[in-house]
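# Per-entry structural report
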Amino acid sequence: MTQAQDIPTWCAAFQLKLMAALDAAWKTIEAATDPAVIRQARDKVKAVGELVAMARKVALIVPTPRGKPPLAETAAAGLHAAQGVANVSAMIMASRPAADPAAPVSAQAEHTRRALDKLKGGRRGRL
């Protein structure tokens, strides 16, 4: 049975065998004039293709080796993300027009404030 550590080596060796089988079948197809021999070589190529698909699936099953990232790299990534968020918030604040404290309240804001006062029960503070 092939162990998980040996799968990359196994895949490379298996790929070489499959390539050799494809080359042999291709030479057979080029040299043959008999339709039965050509059909047999094409069937062999189809079987090799199915084996290649299975080998590719097996190779993809093996997880890539991962280790814990070093603490310094993790901290640097977090600092970089925080700096990016700070830059975005600064850009948002810079894009907003400066609010003038003496600016008149818009009609919609006044209407909303009055509706909220009605829901609260008037200006007496009743709920």
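Being a predicted model, the structure only gives us computed values, none of them experimental. Residue numbers here run from 1 along each chain, matching the order of that chain's written sequence. With the structure being a predicted model, the display of local features is reserved for residues of pLDDT at least 70 and the display and counting of side-chain atom pairs for 80 or more, all residues being used for whole-chain, interface and lining totals. Calculation of side-chain values draws on the structure's entire complement of heavy atoms; hydrogens and water are dropped beforehand.

Let's shift gears to the overall build of the protein chain. Strands are runs of DSSP state E lasting at least 2 residues, helices are runs of H or I lasting at least 4, and numbering of each runs from the N terminus. For the protein chain, the helix and strand inventory stands at four helices and zero strands. For the protein chain, the α and β elements follow one another from N to C terminus as α-α-α-α. Exposure is judged per residue with a 1.4 Å probe applied to protein chains only, and the accessible area is read against the type maximum: over 50% gives exposed, under 20% gives buried, and values in between give partly exposed. When each of the 127 residues of the protein chain is scored for burial, the buried share is 8%. Note on areas: these come from Shrake-Rupley sampling with a 1.4 Å probe, and a residue is covered only by the protein chains present in the view. Accessible surface computed for the protein chain: about 11,300 Å², of which carbon and sulfur atoms make up 64%.

Bringing helix H2 (residues 35–61) into the picture now. Here, expected helix span is obtained from the residue count minus one, scaled by 1.5 Å. With 27 residues, H2 should reach 39 Å at 1.5 Å per residue; the first-to-last C-alpha distance of 39 Å fits that figure. Taken together, the buried positions of H2 are Ala41, Val48 and Ala55. In what follows, residue pairs with any heavy atoms lying within 4.5 Å of each other are defined as contacts. Each element contacted by the buried residues of H2 is listed here: helix H1 (7–31).

The next subject is H1. Every α-helix winds through 3.6 residues per turn, so residues three or four apart in the chain are directed the same way. Taking 1.5 Å of rise per residue, 25 residues should cover 36 Å, and H1 covers 36 Å from first to last C-alpha, within 8% of that figure. Along H1, the residues classified as buried are Ile7, Cys11, Phe14, Leu18 and Ala25. Contact partners of the buried residues in H1: H2.

Attention now moves to the confidence of the model for the protein chain. Caution applies to low-pLDDT regions: their predicted coordinates should not be interpreted in detail. Looking at the protein chain, the pLDDT average stands at 75 and 64% of residues meet or exceed 70. A score between 0 and 100, pLDDT records how confident the predictor is in each residue. For the protein chain, per-element mean pLDDT is lowest for helix H3 (residues 71–95), which scores 68, and highest for H2, which scores 86.

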